[in-house]
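Tertiary structure, described
Chain by chain, the residues run as shown.
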Amino acid sequence: MLLAAGRGERMRPLTDNCPKPMLSVQGKPLMQWHLEALLRGGCQRVVVNTAWLEQVIVQKFNDHFGFEPLYAKDSKLLNAEYLTLHYSMEGREFGGALETAGGICRALPLLFPNDLMDAGEVFWVLAADVFTPGFAFTQQAVQRFTASGKLAHIWLVPNPAHNPRGDFGLDASTGLAQNLPKDDPQPRYTYSTIGLYHRALFAPPWCDIPAGNPIGVKAALAPLLRAAMGQGLVAAELYAGPWTDVGTPERLAQLNGQMPLA
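Residues numbered from 1 in each chain as written. Predicted model: local features only at pLDDT ≥ 70, side-chain atom pairs only at ≥ 80, totals over all residues. Heavy atoms only, no water.

**A closer look at the nonpolar core**
In a soluble, globular protein the nonpolar side chains are often hidden away together inside. Ranked by internal contacts, the top residues of the largest apolar core, which has 45 residues, are M31, L35, F61, L83 and W124. Here this core takes seven residues from helix α1 (residues 30-40), the largest share from any one element. Non-local contacts of W124, meaning those with residues more than four positions away in its chain, are made with M1, C43, F135, F137, T138, A141, V142, W155, I194, G195 and L196. Residues I104, V125, I154 and L224 belong to the second largest nonpolar core, which totals 32 residues. (Core = buried A, V, L, I, M, F, W, Y, C linked by side-chain atoms within 4.5 Å. Buried < 20%, exposed > 50% of the residue type's maximum accessible area, 1.4 Å probe, protein only. Helix = DSSP H or I, 4+ residues; strand = E, 2+ residues; numbered from the N terminus. Contact = heavy atoms within 4.5 Å.)

Following this line, the structure appears as structure tokens:
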């Protein structure tokens, strides 16, 4: 699932007429970097949640994405390597974004449709507004997570300047993420917004929003993660590759070579 519903307030005025995931980074839309990486990793289906200026995203990518131009003959796609895209349009249905957990719950019927018996129980979640060109979405990671019995496996990164206190701890001996108290001196790291999740995290007892989120409940993801961490059910690892939260015009300009890197 690719999270692309945010308004991008800190990116204004750039996002007044362009959804944040569609801002250009090194010559292509920010979210296209993720789509390419997911395709290289062997993914076949992606659910994108949208809200602000969502039609711009839908019109750009439509329902398929591939490295080569997709074309049709007798209504059949001739490119064998492509992603099938589905959209959870929170703006159209509810007038705005449902936050991360609310959006995931809304998208569950799209992530696990009844007519797709091999959909499994786990899925990637990543935010469309981070730039991490070297991250690999491997099938080996999916298989390890599926066999682990955990509810989530998240990737952490060294704390950037705009989040010096970090988000979660990491127990190197167990590979478990830690919900550390504020006064705990152990190091914290920043959640990269990339993770593997089991659908059970979005059901009781962890989450009381019904699958499909029919009334559009807004809910954050962090409380679910922290509760599961308390039971030792969230694994984590540190990612040391390039990673940027493209949260301000200045960071976008740096990525595009228009400003020196801080």
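**Overview of helix α2 (residues 54-61)**
Of all the residues in α2, the buried ones are E54, I57, V58 and F61. End-on view of α2: buried residues confined to an arc of 95 degrees, all on one side of the axis. (Arc of directions from axis to C-beta.)

**Some remarks on the packing of aromatic side chains**
How two aromatic rings sit relative to each other is set out by the distance from centre to centre and by the angle between their planes. Following the criterion strictly, the structure yields 13 aromatic pairs and no others. Ring centres 5.6 Å apart and planes at 80 degrees place the aromatic pair F112 and F123 in the edge-to-face group. Of the two residues, F112 sits in the loop between α4 (99-111) and β9 (122-127) while F123 sits in strand β9, which places them 11 residues apart along the sequence. With respect to class, F112 is no different from F123; both count as buried. A centroid spacing of 6.2 Å and a plane angle of 90 degrees characterise the contact between W124 and F135, whose relative ring orientation is edge-to-face. With a gap of 11 residues between them, W124 in strand β9 and F135 in the loop between β10 (130-131) and α5 (139-148) connect regions that are remote in the sequence. F135 shares its class with W124; the two are buried. One aromatic cluster is present, built from ring pairs that chain together W124, F135, F137, W155 and Y239. Above the plane of the ring of W33 lies K28, whose end atom (NZ or CZ) is 4.1 Å from the centre. Lying over the aromatic face of F112, R199 brings its terminal NZ or CZ to 4.2 Å of the ring centre. (Phe/Tyr/Trp six-rings, centres within 6.5 Å; stacked < 30°, edge-to-face > 60°. Lys NZ or Arg CZ within 6 Å of the ring centre and 35° of its normal.)

**So, the environment of A203**
Relative to the helices and strands, A203 is located in the loop between β14 (190-198) and α6 (222-229). Here the alpha-carbon distance between A203 and C105, two residues 98 residues apart in the chain, equals 8.7 Å.

**Considerations on empty space enclosed by the protein**
Overall, the coordinates contain one cavity of 30 Å³ or more when judged by the stated rule. Its volume calculated, the largest cavity comes out at about 30 Å³. Of the residues assigned to the lining of the largest cavity, the class counts are four nonpolar, two polar and no charged. (1 Å grid on protein atoms, 1.4 Å probe; cavity = no way out; pocket = protein on both sides within 12 Å on 5 of 7 lines; lining within 4 Å. Points joined across faces, edges and corners; volume = space filled by probe spheres on them. Nonpolar A, V, L, I, M, F, W, Y, C, P; charged D, E, K, R; others polar.)

**Looking at the layout of surface pockets**
Looking at the largest pocket, its volume works out to about 910 Å³. Taken together, 33 residues form the lining of the largest pocket, with T100, A127, D129, T193 and D245 sitting closest to its centre. If you list the elements that add at least two residues to the lining of the largest pocket, you get β1 (2-4), α4, β9, β14 and α6. If you tally residues by element for the lining of the largest pocket, the top one is β14, at three residues. Its residues assigned to classes, the lining of the largest pocket comprises 17 nonpolar, eight polar and eight charged.

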